[in-house]
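Inside the fold
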Amino acid sequence: MLLAASLTAGCIPQGKATPEPRTFAHPTIVSLNPCTDAILAEVADTAQILAISHYSKDPRSASMDGRLASALPATRGTVEEVLALKPDLVLGSTFIDPATASAYKRLGLRLETLGMASTVEASRDQIRKIAALSGHPDRGEALIARMDSALAAAAPPAGSRPIHTVVWQSGGMVPGDGTLIADLLRRTGFANFAAARGLGQADLLPLERMLADPPDLILVAGQTAETGRGDDRVLSHPALDALKTTRRASLNPRLLYCGGPTLVAAAQRLAQVRNSFHTRPGGPSRLVERLSR
């Protein structure tokens, strides 16, 4: 695929293959990442969005409203597909393949890459950048205001003790401290139990260690976009029933990684779990809730 793109670029005179980037007040855009998909759908005109990523068409990996996603065309992000759409701007991840990024440049496509937001503040910056690129900075500020309102509503009561919590993903994986979900946990009344014990991003927390040193709460985020099978054996192991003072609640894994409108839903869900934790009576408890989103 990339060879074909390179050959195509080679047939174009150099002056036309690498033109100066054009600037438009409201450019047409292709998004290649589910996180940028979700933000772009909130801040750009529908007519500007030539395609979102195919991930947003899959409920297991989407980070945007399904109705919005179904109304927009999608692409798998191949050079040929994107080139055929003739966008003014391509939004990609910083993890984009260097050869693909180089092909876009040679073919005269403007590529803007954005990393994963690891804090709420970084999410605000990302929203502002995408809104500015789309020509609608006011819509970016409106989304930030909605996000900040959700965070304020989800904040814990003053003086309340943080709930020591493990976010347990498929296979026993946990998020580290420098992640968006870790920042959200702090802001909504939880303490990252795994990070406090020296575990970093994508480290594994063995079942035996969980049993020996249990947290107040296990947030089960086991359904993966790759399998769609729900909680695996580690996350639903019967040995966890021995943890009589540890509660369990579900957290949709789609809420772990993206900011923007995804952050709004994540804050609401965490507040719901926290309030349920504090209102349930004492004694043995096993809180297993169905996903509300």
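To start, this report covers the structure provided alongside it. (Residues numbered from 1 in each chain as written. Predicted model: local features only at pLDDT ≥ 70, side-chain atom pairs only at ≥ 80, totals over all residues. Heavy atoms only, no water.)

1. What to know about the packing of aromatic side chains
Evaluated as defined, the whole model comprises 0 aromatic pairs. The ring of Phe193 has Arg197 sitting right over it, with the charged end atom 3.5 Å from the ring centre. A cation sits over an aromatic face here: Arg247 above Phe277, 4.5 Å from the ring centre. (Phe/Tyr/Trp six-rings, centres within 6.5 Å; stacked < 30°, edge-to-face > 60°. Lys NZ or Arg CZ within 6 Å of the ring centre and 35° of its normal.)

2. Things to note about the environment of Thr28
Considering the arrangement of structural elements, one finds Thr28 in the loop between helix 2 (14-17) and strand 1 (29-31). Of the residues examined, Thr28 reaches a relative accessible area of 22% and is grouped as partly exposed. If we ignore the near neighbours within four places in the chain, the residues touching Thr28 are Gln48, Leu50, Lys86, Pro87, Asp88 and Leu89. (Helix = DSSP H or I, 4+ residues; strand = E, 2+ residues; numbered from the N terminus. Buried < 20%, exposed > 50% of the residue type's maximum accessible area, 1.4 Å probe, protein only. Contact = heavy atoms within 4.5 Å.)

3. A few points about the state of the cysteines
Applying the stated rule across the entire model yields 1 disulfide. At a sulfur-sulfur separation of 1.8 Å, the disulfide partner of Cys35 is Cys258. Classification of the bridge connecting Cys35 and Cys258 rests on its S-S torsion, roughly -70°, and on that basis the disulfide is left-handed. Pair noted here: Cys35 is in helix 3 (residues 34-43) and Cys258 is in the loop between strand 11 (247-250) and helix 12 (261-279), with a separation of 223 residues, a long-range link. The residues Cys35 and Cys258 share a single accessibility class, namely buried. (Disulfide = S-S within 2.5 Å.)

4. Describing the nonpolar core
Leu184, Leu219 and Leu251 are the most contacted members of the largest nonpolar core, which has 49 residues in total. In terms of residue count, the dominant contributor to this core is helix 12 (9 residues). Counting 14 residues, the second largest nonpolar core, distinct from the first, contains Val174, Leu199, Leu205 and Leu243. (Core = buried A, V, L, I, M, F, W, Y, C linked by side-chain atoms within 4.5 Å.)

5. Quick look at a nonpolar patch on the surface
Side chains of Phe95, Met116 and Tyr257 sit close together on the surface and give an oily, nonpolar patch of about 360 Å² of accessible area. Counting through the fold element by element, Tyr257 comes out in the loop between strand 11 and helix 12. Relative accessible area serves as the criterion here: at 34%, Tyr257 is assigned to the partly exposed category. (Patch = residues over 30% accessible without salt bridge, like charges linked within 9 Å, V, L, I, M, F, W, Y side chains within 5 Å. Areas by Shrake-Rupley, 256 points an atom, 1.4 Å probe, with all protein chains shown as cover. Salt bridge = Lys/Arg side-chain N within 4 Å of Asp/Glu carboxyl O.)

6. Comments concerning the environment of Arg247
Residue position: Arg247 is located in strand 11. As a C-alpha pair, Arg247 and Pro214 span 33 residues in sequence and 9.9 Å in three-dimensional space. In this structure the side chain of Arg247 is engaged in a polar contact, spanning 2.2 Å, whose partner is the backbone oxygen of Phe277. (Polar contact = N/O pair within 3.5 Å; in protein donor to acceptor, adjacent residues only side chain to side chain.)

7. Re the pairing of strand 2 (residues 49-53)
Buried residues dominate strand 2, accounting for 4 of its 5 residues. Where strand 1 lies against strand 2, 2 bridges are found, and the strand directions are parallel. Each bridged residue has a counterpart across the sheet, and for Ile29 the counterpart in strand 2 is Ile49. Regarding the hand of the β-α-β motif, the stretch spanning strand 1, helix 3 and strand 2 is right-handed. Inspection of the sheet shows strand 2 paired to strand 3 (residues 74-75) by 2 bridges, in the parallel sense. Within the sheet, the bridge partner assigned to Ile52 lies in strand 3 and is Ala74. (Pairing = 2+ DSSP bridges. Right-handed = clockwise from strand over helix to strand, strands pointing away.)

8. Brief notes about the pattern of salt bridges
Counting across every chain of the model gives 14 salt bridges. Put simply, Arg110 and Glu112 hold a salt bridge, and the shortest N to O gap is 3.0 Å. Residue class for Arg110 comes out partly exposed when judged on its relative accessible area of 30%. Across the pair Asp177 and Arg186 runs a salt bridge, and its minimum N-O distance is 3.0 Å. Judged by its relative accessible area of 43%, Asp177 falls in the partly exposed class. For Arg186, a relative accessible area of 45% gives the class partly exposed. When salt bridges that share partners are traced, they join Asp177, Asp183, Arg186 and Arg187 into one network.

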